[in-house]
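Next come the chains, spelled out residue by residue.
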Amino acid sequence: MLDFGLKATKRVVGFEKYLVTEGGVVFREGASKPLSQSLLNSGYLSVEFWKNNTRKRVAVHVVVGEAWIRARNKHECIRHLDGNKMNNHASNLSLGTKSDNERDKALHGTSNRGCRHGMSKLTEGQVLEIHRRSLDGENTKNLASEFLICERYVREIKRGDTWKHVLVDSNS
């Protein structure tokens, strides 16, 4: 561990000329100020590293997690325990599986399931209505036409093959 001013630092895994604080501030060794951080479309902060004349952009939570927790294996990801993608402090990060991360997102309300998904054509309310009306015997073709979706999608909603999280919650 190295000391950068008042903040303890560790070397960035894979980019040994760079240092990172426990709070997610990244420096090039010997520099007087930190690297700038950019916001990715995914909502994560990232930094840019240079090695062998090649630039690589890495999410800050990955840099912090691998330096302050441990390097990930290929089946692990670094999770934000509070669901806040901007909180990259080591105490807010944990290693886990993709399944762990998906459970976290559901718990924090940050999952892109259902109507939060960018490609969604329906709201949860519409799905419940389609499900109820199809179980009551309403014609699949008419429902598909009314909601501007294909008949196959109506059948999948009726069977519970899609939008399971909505249909399970409505039965509880």
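What you see is a predicted model; the values in this text were computed from it and never measured. (Residues numbered from 1 in each chain as written. Predicted model: local features only at pLDDT ≥ 70, side-chain atom pairs only at ≥ 80, totals over all residues. Heavy atoms only, no water.)

### Describing the overall build of the protein chain
- In terms of regular secondary structure, the protein chain is built from six helices and nine strands.
- For 172 residues, the compact-globule formula gives about 16 Å, and the C-alpha radius of gyration of the protein chain, at 23 Å, lies well above that figure.
- Each principal axis of the C-alpha atoms in the protein chain carries an extent, and together these give about 70 × 35 × 25 Å.
- Look at the contacts in the protein chain between residues 6 or more apart in sequence, and 35% of them connect residues 24 or more apart.
- Accessible surface, the protein chain: about 10800 Å² in total, of which carbon and sulfur atoms supply 49%. (Helix = DSSP H or I, 4+ residues; strand = E, 2+ residues; numbered from the N terminus. Rg over C-alpha atoms; globule rule 2.2 N^0.38 Å. Contact = heavy atoms within 4.5 Å. Areas by Shrake-Rupley, 256 points an atom, 1.4 Å probe, with all protein chains shown as cover.)

### What to know about the side chain of Arg133
- With respect to the helices and strands, the residue Arg133 is situated in helix α3 (residues 124-135).
- Once residues within four sequence positions are removed from consideration, Arg133 is found in contact with Glu138, Leu143, Glu146 and Phe147.

### Quick notes on the pattern of salt bridges
- Following the criterion strictly, the structure yields 16 salt bridges and no others.
- The partner of Glu29 in a salt bridge is Arg11, and the shortest N-O contact between them spans 3.0 Å. Taken together, the positions of Glu29 in the loop between β4 (26-28) and β5 (38-39) and Arg11 in strand β2 (residues 7-12) put the pair 18 residues apart, joining distant regions of the chain.
- Relative accessible area serves as the criterion here: at 40%, Glu29 is assigned to the partly exposed category.
- With its nearest N and O atoms 2.8 Å apart, the salt bridge here joins Arg70 to Glu76.
- Residue class for Glu76 comes out buried when judged on its relative accessible area of 18%. (Salt bridge = Lys/Arg side-chain N within 4 Å of Asp/Glu carboxyl O. Buried < 20%, exposed > 50% of the residue type's maximum accessible area, 1.4 Å probe, protein only.)

### Overview of the pairing of β2
- Sheet topology note: the β2/strand β3 (residues 15-21) ladder contains four bridges and is antiparallel. Within the sheet, the bridge partner assigned to Lys10 lies in β3 and is Val20.
- Between β2 and β3, which pair antiparallel in sequence order, lie two residues; one of them, Gly14, sits at a positive phi of approximately 90°. (Pairing = 2+ DSSP bridges.)

### Quick word on empty space enclosed by the protein
- This structure, assessed with the given rule, holds one cavity of 30 Å³ or more.
- Reported here for the largest cavity is a volume of approximately 130 Å³.
- What lines the largest cavity is Tyr44, Ile78, Arg79, His80, Gly83, Lys85, Asn101, Asp104, Lys105, His108 and Thr110.
- For the lining of the largest cavity, the elements supplying multiple residues, two or more each, are β8 (77-80) and α2 (98-108).
- The element contributing the most residues to the lining of the largest cavity is α2, with four residues. (1 Å grid on protein atoms, 1.4 Å probe; cavity = no way out; pocket = protein on both sides within 12 Å on 5 of 7 lines; lining within 4 Å. Points joined across faces, edges and corners; volume = space filled by probe spheres on them.)

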